[in-house]
Amino acid sequence: MRKLIAGNWKMNGTSADLPELAQLASTHSGSSVDVVICGPATLLSRMADTGLKIGGEDCHPANSGAYTGDISAAMIADTGATYVITGHSERRTDHAEDDALIASKTEAGWNANLHVIICIGETEAQYRAGDTLDILRAQMDQSIPDAATAATTTIAYEPVWAIGTGLTPTPDEIAAVHAALREHLKTRFGSEGAQMRLLYGGSVKASNADDIFALPNVDGALVGGASLKATDFSPIITALQQSA
Ligand SMILES: O=C[C@H](O)COP(=O)(O)O
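Going by an unreviewed UniProt entry, the protein carries the name Triosephosphate isomerase and comes from Octadecabacter ascidiaceicola. The UniProt entry for the protein carries the following text under Subunit (unreviewed entry): "Homodimer." UniProt annotates the protein under Subcellular location (unreviewed entry) with the comment "Cytoplasm".

This is the structure we're talking about:
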């Protein structure tokens, strides 16, 4: 499978950041891995002009309608973007999104021909209680629609306690979780589950990327803070290319 590195700019970025993105696009054109930047809706069409693969950070489940302030998957596709994230923990927490809504948003993304990155992850309390795998399996069961295929869907495992904190699980912990996620995907989706990309996310940086990308069943990363500056993101992209 082709590996994937996706940056998630969250609520960051203005037009002043576009020249740097163009530089990143030129440095990594023809990359052996998929490089995607998921950015704010206000920038997507101009981000797409850089030649990078671009994604939305969220979408509404409906195609259009009276939903003030929301963005549909079709609108995201109309900017030239080809990816969208669903189920990010900041959406689950800050906007009370549940797995059923995330499944609906994922189907909306597919209907707009977007590749969907579905995020799952346990909280610190769930991690400390030893409930990580139960939580992740339940999130996968309920937020990944039955029609998921490797071509349309990527799963991103992001421990909530590792996001933006500088903390990460140990390599052994990441490997164990990804092995369990792979088995769960294979049980449900067969060969499609074997091929579906599994990303790790949560405080990925240049300094830990080599160790994370060397792990089995880690097919790339979803990167937040370290994707905002080309000087931080570029070495992480290179690390994934070298592991591929
Ligand atoms: O979507 C990205 C994740 O929330 C990870 O963010 P982070 O790399 O800043 O920890």
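A. Here's a closer look at the site of the ligand. Around the ligand lies a shell of 14 residues, among which N8, I163, G164, G224 and G225 are the nearest. Residues of the shell around the ligand, tallied by class, amount to five nonpolar, eight polar and one charged.

B. Seen up close, the nonpolar core. Membership of the largest hydrophobic core comes to 63 residues, with the highest contact counts inside it found for I5, I76, I117, Y157, L199, A221 and I236. If near-sequence neighbours (up to four positions away) are discounted, A221 is found in contact with I5, L199, Y200, G201, V204, I212 and I236.

C. Just the UniProt feature "active site" (unreviewed entry) in the protein, in detail. Using the residue numbers shown here, the UniProt feature "active site" (unreviewed entry) corresponds to H88 and E158. Across 71 residues, the annotated set stays spatially compact, with a maximum C-alpha separation of 8.4 Å. Within the fold, H88 resides in the loop between β4 (83-86) and α4 (89-94). C-beta crowding within 10 Å serves as the criterion here: with 28 such atoms nearby, H88 is assigned to the buried category. Beyond its immediate sequence surroundings of up to four residues, H88 is in contact with E57 and C119. Mapped onto the elements of the fold, E158 is located in the loop between β6 (153-157) and α8 (171-189). Taking the number of C-beta atoms within 10 Å as the measure of exposure, E158 has 25 and is therefore buried.

D. Here's a closer look at the sheet that holds β6. Strand order in the closed barrel made by the eight strands is β1-β2-β3-β4-β5-β6-β7-β8, with parallel pairing throughout. Geometrically, the sheet is characterised by an average inter-axis angle of 25° between neighbouring strands, direction not taken into account. Of the pairings in the sheet, the one linking strand β3 (residues 53-56) to β4 comprises two bridges and is parallel in character. Paired with G55 across the two strands is Y83, which belongs to β4. Where helix α7 (residues 132-143) meets the sheet, it contacts β5 (115-120) and β6, and its direction lies at approximately 145° from that of β5.

E. Just the packing of helix α5 (residues 99-111) against α7, in detail. At their nearest, the axes of α5 and α7 sit 8 Å apart, and the two run at 45° to each other. With respect to α7, the axis of α5 lies oblique. Across the interface between the two elements, D99, A100, I102 and A103 of α5 pack against Q139, Q142 and S143 of α7.

F. Layout of the pairing of β5. Here β5 lies mainly inside the structure; six of its six residues are buried. Across four bridges, the pairing between β4 and β5 is parallel. Bridge pairing in β5 places I85 opposite I117. Here five bridges tie β5 to β6, and the two strands are oriented parallel to one another. Within β6, the position partnered with I120 by the bridge is Y157.

G. Quick look at the environment of C38. Tracing the backbone through its elements, the reader meets C38 in strand β2 (residues 34-38). By the C-beta count within 10 Å, which is 28 here, C38 ends up buried. A C-alpha to C-alpha distance of 28 Å links C38 and Q126, two positions 88 residues apart in sequence. Not counting the four nearest positions on each side in its chain, C38 is found in contact with A6, G7, N8, W9, G55, G56, E57, Y83 and I85.

H. How the structure looks around unusual backbone geometry. Here the phi dihedral of A96 falls at roughly 55°; this positive angle occurs in a residue that is not glycine. Take A96: it is sitting in the loop between α4 and α5. Of note, N113 is a non-glycine position whose phi angle comes to about 65°, a positive value. With respect to the helices and strands, the residue N113 is situated in the loop between α5 and β5. Residue classification places N113 among the exposed positions, given that 11 C-beta atoms sit within 10 Å.

Calculation criteria
Residues numbered from 1 in each chain as written. Predicted model: local features only at pLDDT ≥ 70, side-chain atom pairs only at ≥ 80, totals over all residues. UniProt positions renumbered as here; feature names shortened; annotations may be inferred. Near = placed C-beta within 6 Å. Nonpolar A, V, L, I, M, F, W, Y, C, P; charged D, E, K, R; others polar. Core = buried A, V, L, I, M, F, W, Y, C linked by C-beta atoms within 7 Å. Buried ≥ 20, exposed ≤ 12 C-beta atoms within 10 Å, placed from the backbone. Contact = placed C-beta atoms within 7 Å. Helix = DSSP H or I, 4+ residues; strand = E, 2+ residues; numbered from the N terminus. Pairing = 2+ DSSP bridges. Axes fitted to C-alpha atoms, helices over the stretch in contact; angles between N-to-C directions. Parallel < 35°, antiparallel > 145°, perpendicular 65-115°, else oblique.

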